[in-house]
Amino acid sequence: MGIKFQWVFLVLTVQSLIVAGEFFKPFNVSYDGRAIIIDGTRRMLISGGIHYPRATPEMWPDLISKSKEGGVDVIETYVFWNGHEPVRGQYNFEGRYNIVKFVKQVGSGGLYLFLRIGPYVCAEWNFGGFPVWLRDIPGIEFRTDNIPFKEEMQRFVKKIVDLMREESLFSWQGGPIIMLQIENEYGNIESSYGPKGKAYMRWAAEMAVGLDAGVPWVMYTCNGYYCDGFKPNSKKKPIVWTEHWDGWYTNWGDRVPHRPAEDIAFAVARFFQRGGSFQNYYMYFGGTNFGRTAGGPNIITSYDYDAPIDEYGLLRQPKWGHLKDLHAAIKLCEPALVAVNSPHYIKLGPKQEAHVYSYNGSKCSAFLANIDEHNSATVKFRNQAYTLPPWSVSILPDCRNTAFNTAKIGVQTSIKTVGMDVASYSHDPTPLKLMAPYEVDYISKTWKFVREPIGVWSDSNFTYQGILEHLNVTKDQSDYLWYSTRKDLMLFTSKFFVLQLSALILSCFSIREGQNSMPLS
């Protein structure tokens, strides 16, 4: 995860509408400097992240339905390489990894899909999505201008693009997929690779476009808690927010993170106020790290993420409802937002401002912001007074009447929260400052120890002198590599040697107790 990066939409030639799909009338997707263009129309798009392997297939339809009801237009997901190709050349598209079924259900639900192929995904997922066999390829170096890595990466990315095309899942085929992503958060590490990193980025862009998917590719945009100040690297590209962190993951032993709904709504409203066009919640549903899929170190099984839909598929109130109201207000503004390329800025006070989207007097929407963290403010806008709570945005779809204010929650809460002042957050807080914990009393205060049997031999046991590299032995089939040691002693008859032998036996017994079960992880 990174904070703010430059980003790029990759130029492509949109294919003709040649195959009719079963979800939508086939449509083209393009973009300009203001927005993504769906079937010739600029759109302001709300996206929600749902990782298909972090839920059971039986949950997918309900999660998609609740996302749509919450005002989401697009479902976003990564593609998990190590889940789909656990053994080189042997693919898995069944069960929780039935990505085709998931994409089709998104389309059946009337939503679009943003498919982030990567294939490096991070996502607090085991090895960031890379299959463990990848590291055993001779001469390989990950995520740089390295031929073995590029060959494997291209092979998998092509596999996914071809699969989506074969199933008629791209927009021009009548499917839900409107956008793809190649690589992920490379801005964090590109400089460390020097010229080879830049060469790799150019290659990845050219490789992706060459697959002729027929929809735009995104490489990297803005990921973080606030992205209203982010600008793309070209005025010909819209402002996209690929990861809005509406919560955070939980580590073993830490408190459960919580980000208030008011602060999330403030960040979203400011993003669209200042020219944003596509915003994706990371996550809208977090789900569960089944099996050994949790990345690390120390990430727990739950990937709830304090998302609007909780780990069990239930609505988290007031977050889900408050954001639903926000989305409805933004949709009321959409005709004005897409009608102009940029808003008119008005300073209303020391820490108060307005952005007005107006077109020929027939369309007008305004956002009034108070970025003062502690104090309310009454401002005058178009000869009318408006009172703005601290750290809030009021949305006026008709430039007159307030449809929504980010600090005023109108839905019932369903969580037990600590008392907190949303206005206490600065515009660019640290994650720790944002993550106020729930009050919980069910976390154990002490550790529990379990003795496991040792010295149990099986067909997988072998003898080796020395210490082995963990993954070379386990091949990611276990988090543990167990060592057993044995000490052979000679028996002497001399009284002197018997005394020495007794001391040696005690010493070796201590060594055996300490070394018989040594987990390396």
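All of these numbers come straight from a predicted model, not from anything done at the bench.

Novice: I keep staring at the overall build of the chain and nothing clicks. Help me out?
Specialist: In terms of regular secondary structure, the chain is built from eleven helices and 19 strands. Out of the 521 residues in the chain, the part that is buried amounts to 54%. Residue pairs at least 24 apart in sequence account for 70% of intrachain contacts in the chain once pairs closer than 6 positions are excluded.

Novice: Which parts of the structure should I look at to understand helix α3 (residues 99-108)?
Specialist: A turn of α-helix holds 3.6 residues, and therefore any two residues three or four places apart point the same way. Taking burial as the measure, the ten residues of α3 include seven buried ones, the bulk of the element. Looking at the residues trailing α3, positive phi occurs at Gly 110, about 80 degrees.

Novice: Explain helix α1 (residues 60-69) here, please?
Specialist: Every buried residue of α1 is accounted for by Trp 60, Leu 63, Ile 64, Lys 66 and Ser 67. Projection of α1 onto a plane perpendicular to its axis shows the buried side chains occupying an angular sector of 165 degrees, all on one side. Check the buried side of α1 and you find it contacts β5 (45-50), β6 (74-78), α3, β12 (278-285) and α8 (319-337). Gly 71 sits one or two residues past α1 and shows a positive phi near 95 degrees.

Novice: Before we go on, may I ask you to explain empty space enclosed by the protein in this structure?
Specialist: To find the voids left in a structure, one rolls a probe of water-molecule size over its atoms. This model, assessed by the stated rule, comprises one cavity of 30 Å³ or more. One number sums up the size of the largest cavity: a volume of about 40 Å³. If you trace the largest cavity, you find ten residues lining it, with Glu 185, Tyr 220, Thr 221, Asn 223 and Thr 242 closest to the centre. Considering only residue class, the lining of the largest cavity consists of three nonpolar, five polar and two charged.

Novice: Honestly, the sheet that holds strand β13 (residues 344-349) in this entry has me stumped. Any pointers?
Specialist: Two orientations exist for strands paired in a sheet by backbone hydrogen bonds: parallel and antiparallel. Spatial ordering of the open sheet is given by β13-β14-β15-β18-β19, a layout of five strands whose pairing is antiparallel. At either margin of the open sheet sits one strand with a lone partner, and together these are β13 and β19 (404-405). In this structure, β13 lies alongside strand β14 (residues 352-359), joined through five bridges in antiparallel fashion. Residue pairing in the sheet places Lys 347 in a bridge with Glu 353 of β14. Here helix α7 (residues 261-273) sits on the sheet in contact with β14, β15 (363-370), β18 (392-396) and β19, set at roughly 50 degrees to β14. Its contacts with the sheet place α8 against β14, β15, β18 and β19, and it is angled at close to 135 degrees to β15.

Novice: Looking at this structure, how should I read the nonpolar core?
Specialist: A general feature of soluble globular proteins is that nonpolar side chains tend to end up buried together. Judged by nonpolar contacts, the single largest core of 124 residues is most densely connected at Ile 99, Leu 115, Met 164, Trp 217, Leu 326 and Ile 395. Ignoring any residue separated from it by four or fewer positions in sequence, one finds Ile 395 in contact with Ala 269, Leu 326, Ala 329, Ile 330, Cys 333, Ala 366, Phe 367, Asn 401, Thr 402, Ala 403 and Phe 404.

Novice: I tried to follow the environment of Asn 184 on my own but got confused; where do I start?
Specialist: Turning to its location among the elements, Asn 184 is positioned in the loop between β8 (177-182) and α5 (190-193). Sequence-wise, Asn 184 and Ile 117 are 67 residues apart; in three dimensions their C-alpha atoms are separated by 8.7 Å. Beyond its immediate stretch of four places on either side in the chain, Asn 184 contacts Tyr 78, Arg 116, Tyr 120, Val 121, Cys 122, Arg 143 and Glu 243. A distance of 3.1 Å separates the side chain of Asn 184 from the side chain of Tyr 78, its partner in a polar contact.

Novice: What is the right way to read the state of the cysteines from this model?
Specialist: Each disulfide consists of a covalent bond between the sulfur atoms of two cysteine residues. The final tally for this structure, using the stated rule, is two disulfides. The residue that forms a disulfide with Cys 222 is Cys 227, at a sulfur-sulfur distance of 2.0 Å. Judged by the torsion about the S-S bond (-80 degrees), the Cys 222/Cys 227 disulfide is left-handed. Of the two residues examined, Cys 222 and Cys 227, each falls in the buried class. At a sulfur-sulfur separation of 1.9 Å, the disulfide partner of Cys 364 is Cys 399. Here the disulfide of Cys 364 and Cys 399 is left-handed, its torsion about the S-S bond being about -80 degrees. Remark: Cys 399 occurs in the loop between β18 and β19 and Cys 364 occurs in strand β15; sequence separation between them is 35 residues. Among the residues examined, Cys 364 registers a relative accessible area of 14% and is labelled buried. Sequence-ordered numbering of the bonded cysteines in the chain gives a disulfide pattern of 1-2, 3-4. Not engaged in a disulfide, the cysteine Cys 333 finds its nearest cysteine sulfur in Cys 399; these two sulfurs lie 8.3 Å apart. Residue Cys 333 is classed as buried on the basis of its relative accessible area of 0%.

Novice: Can you walk me through unusual backbone geometry in this structure?
Specialist: One can expect most non-glycine residues to show negative phi and most peptide bonds to be in trans. Look at the link from Gly 118 to Pro 119: it is a cis peptide, with omega at 10 degrees. Going from Tyr 282 to Met 283, the amide bond is cis rather than trans, its omega being 5 degrees. Residue placement: Met 283 occurs in strand β12. Positioned with a positive phi, Asp 212 is a non-glycine residue whose angle comes to about 55 degrees. Classification of Asp 212 by relative accessible area gives partly exposed; the value is 46%.

Novice: Which parts of the structure should I look at to understand the sheet that holds strand β3 (residues 36-38)?
Specialist: Taken together, the three strands give an open sheet; going across it, the order is β2-β3-β4, and neighbouring strands pair in antiparallel fashion. At either margin of the open sheet sits one strand with a lone partner, and together these are β2 (29-31) and β4 (41-43). Taken over all neighbouring pairs, the strand axes of this sheet differ in orientation by 40 degrees on average, direction set aside. Summarising the sheet, β3 and β4 pair through three bridges and their orientation is antiparallel. Bridge pairing in β4 places Ile 36 opposite Arg 43.

Novice: I keep staring at the pattern of salt bridges and nothing clicks. Help me out?
Specialist: Oppositely charged side chains are able to pair whenever their charged atoms sit close together. Taken as a whole and judged by the stated rule, the model has 27 salt bridges. As a salt-bridge pair, Arg 155 and Glu 152 come within 2.6 Å of each other at their nearest N and O atoms. With Arg 155 and Glu 152 both in helix α4 (residues 147-166) and three residues apart, this pair spans about one turn of that helix. Of the residues examined, Arg 155 reaches a relative accessible area of 25% and is grouped as partly exposed. Residue Asp 162 is joined to Lys 158 by a salt bridge in which the shortest nitrogen-to-oxygen separation is 2.6 Å. One end of the pair is Asp 162 and the other is Lys 158, both in helix α4 and four residues apart, which spans about a single turn. A single network of salt bridges, built from pairs that share partners, joins Arg 43, Asp 73, Lys 331 and Glu 334.

The rules behind each value
Residues numbered from 1 in each chain as written. Predicted model: local features only at pLDDT ≥ 70, side-chain atom pairs only at ≥ 80, totals over all residues. Heavy atoms only, no water. Helix = DSSP H or I, 4+ residues; strand = E, 2+ residues; numbered from the N terminus. Buried < 20%, exposed > 50% of the residue type's maximum accessible area, 1.4 Å probe, protein only. Contact = heavy atoms within 4.5 Å. Arc of directions from axis to C-beta. 1 Å grid on protein atoms, 1.4 Å probe; cavity = no way out; pocket = protein on both sides within 12 Å on 5 of 7 lines; lining within 4 Å. Points joined across faces, edges and corners; volume = space filled by probe spheres on them. Nonpolar A, V, L, I, M, F, W, Y, C, P; charged D, E, K, R; others polar. Pairing = 2+ DSSP bridges. Axes fitted to C-alpha atoms, helices over the stretch in contact; angles between N-to-C directions. Core = buried A, V, L, I, M, F, W, Y, C linked by side-chain atoms within 4.5 Å. Polar contact = N/O pair within 3.5 Å; in protein donor to acceptor, adjacent residues only side chain to side chain. Disulfide = S-S within 2.5 Å. Salt bridge = Lys/Arg side-chain N within 4 Å of Asp/Glu carboxyl O.

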